[in-house]
Amino acid sequence: MAEVKLAVETRTEFGKGAARRIRRESKVPAVVYGHGAEPVHVTVPGHELMMALKTSNVLLAIELNGKNELVIPKAVQRDPLKGFLEHVDLLLVKRGEKVQVEVPVLAEGDLAPGQFLLEYVLNSLPVEAEATHIPEQLTVSVAGLEAGASIEAKDIKLPNGVSLAVEPDAVVIQVLAAQAEEAPAEGAAEEGASEEG
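All figures in this text were calculated on a predicted structure; none of them were measured in a lab. (Residues numbered from 1 in each chain as written. Predicted model: local features only at pLDDT ≥ 70, side-chain atom pairs only at ≥ 80, totals over all residues. Heavy atoms only, no water.)

## Considering the overall build of the chain
Across its full length, the chain carries three helices and 14 strands. The proportion of buried residues among the 197 residues of the chain is 35%. Here the contacts in the chain between residues at least 6 apart in sequence split such that 63% fall between residues at least 24 apart. Approximately 12,200 Å² of the chain is accessible, and the part contributed by carbon and sulfur atoms is 49%. (Helix = DSSP H or I, 4+ residues; strand = E, 2+ residues; numbered from the N terminus. Buried < 20%, exposed > 50% of the residue type's maximum accessible area, 1.4 Å probe, protein only. Contact = heavy atoms within 4.5 Å. Areas by Shrake-Rupley, 256 points an atom, 1.4 Å probe, with all protein chains shown as cover.)

Laid out in structure tokens, this is it:
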């Protein structure tokens, strides 16, 4: 997993007014916490952070109080209408340290022939992994599965050093039979046409 370097600045202003001023400068208010240290309020460049967050569980390298630190995003708040970043919580991590994160699950392959639907019960799988080796996604094959089939957490192959942080029999994906839609009655439209003449 690649590290993304981000420049952060500590901030001393708090509250809605301060947060609005920070966002007007194309920056995002954030809090860095973890390892028993006092939380540190910072600002992060908005565009760079938005690009970094395109990778799930991205590892960010920041300079904080003169020290190089590693952080991962733990909570990201976005504006519900416009989608811009409002606030981010960043968790301090160390190389070799295990962290619990949620990794997106991606299904690949074609279901068995027929009218079947794939339902994600869990879009992402809670796992424990070394902070510097968090997988970007977990891929599972659904090739040939029919209605009633399901994939449980224990069925998903995890990379070395990654372990489940959820019950092994938790259903992640299941296959459902598609509901057939009723066709509209055809006779009603034809009756009107045959009376002309």
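Now that the structure has been shown, the text picks up again.
## A look at the pairing of strand β6 (residues 67–78)
Across five bridges, the pairing between strand β5 (residues 59–64) and β6 is antiparallel. Note that in β6 the partner of isoleucine 62 across the bridge is glutamate 69. The turn linking β5 back onto β6 is made up of two residues, and asparagine 65 within it adopts a positive phi angle of 55 degrees. Pairing of β6 with strand β7 (residues 85–93), which is carried by eight bridges, proceeds in the antiparallel orientation. When the bridges of β7 are listed, leucine 70 appears paired with valine 93. Counting the residues in the hairpin turn of β6 and β7 gives six residues, including glycine 83, whose phi is positive at 80 degrees. (Pairing = 2+ DSSP bridges.)

## Looking at the pairing of β5
Burial analysis of β5 places five of its six residues in the buried class, the great majority of the element. Relative to β5, strand β1 (residues 3–6) is paired through four bridges, and the arrangement is parallel. Among the inter-strand pairings, leucine 6 is bridged to a residue of β5, identified as isoleucine 62.

## Topic: the sheet that holds β7
In space, the seven strands of this open sheet follow the order β1-β5-β6-β7-β3-β4-β2, with mixed pairing throughout. This sheet does not close on itself; its edge strands, each paired only once, are β1 and β2 (9–10). Contacting β3 (27–34), β4 (37–45) and β7, helix α1 (residues 16–24) runs over the sheet at an angle of about 115 degrees to β3. (Axes fitted to C-alpha atoms, helices over the stretch in contact; angles between N-to-C directions.)

## Details of the confidence of the model for the chain
Within the chain, residue pLDDT values average 83, and 90% of them lie at 70 or more. Per-residue pLDDT, averaged within each element of the chain, yields its smallest value for helix α3 (residues 187–194) (49) and its largest for strand β12 (residues 150–152) (93). Taken as a whole, residues 188–192 scores under 50 in pLDDT and shows zero contacts with residues more than four places along the chain or in a different chain. (pLDDT = per-residue confidence, 0-100.)

## Section: the pattern of salt bridges
What the rule picks out here adds up to three salt bridges. One salt bridge connects lysine 27 with glutamate 9, and the closest N-O pair in it is separated by 3.3 Å. Here glutamate 9 lies in strand β2 and lysine 27 lies in strand β3, a separation of 18 residues in the sequence. Of the charged contacts in the structure, one is a salt bridge between glutamate 69 and lysine 67, with a shortest N-O distance of 3.7 Å. Residue lysine 67 is classed as exposed on the basis of its relative accessible area, which comes to 52%. (Salt bridge = Lys/Arg side-chain N within 4 Å of Asp/Glu carboxyl O.)

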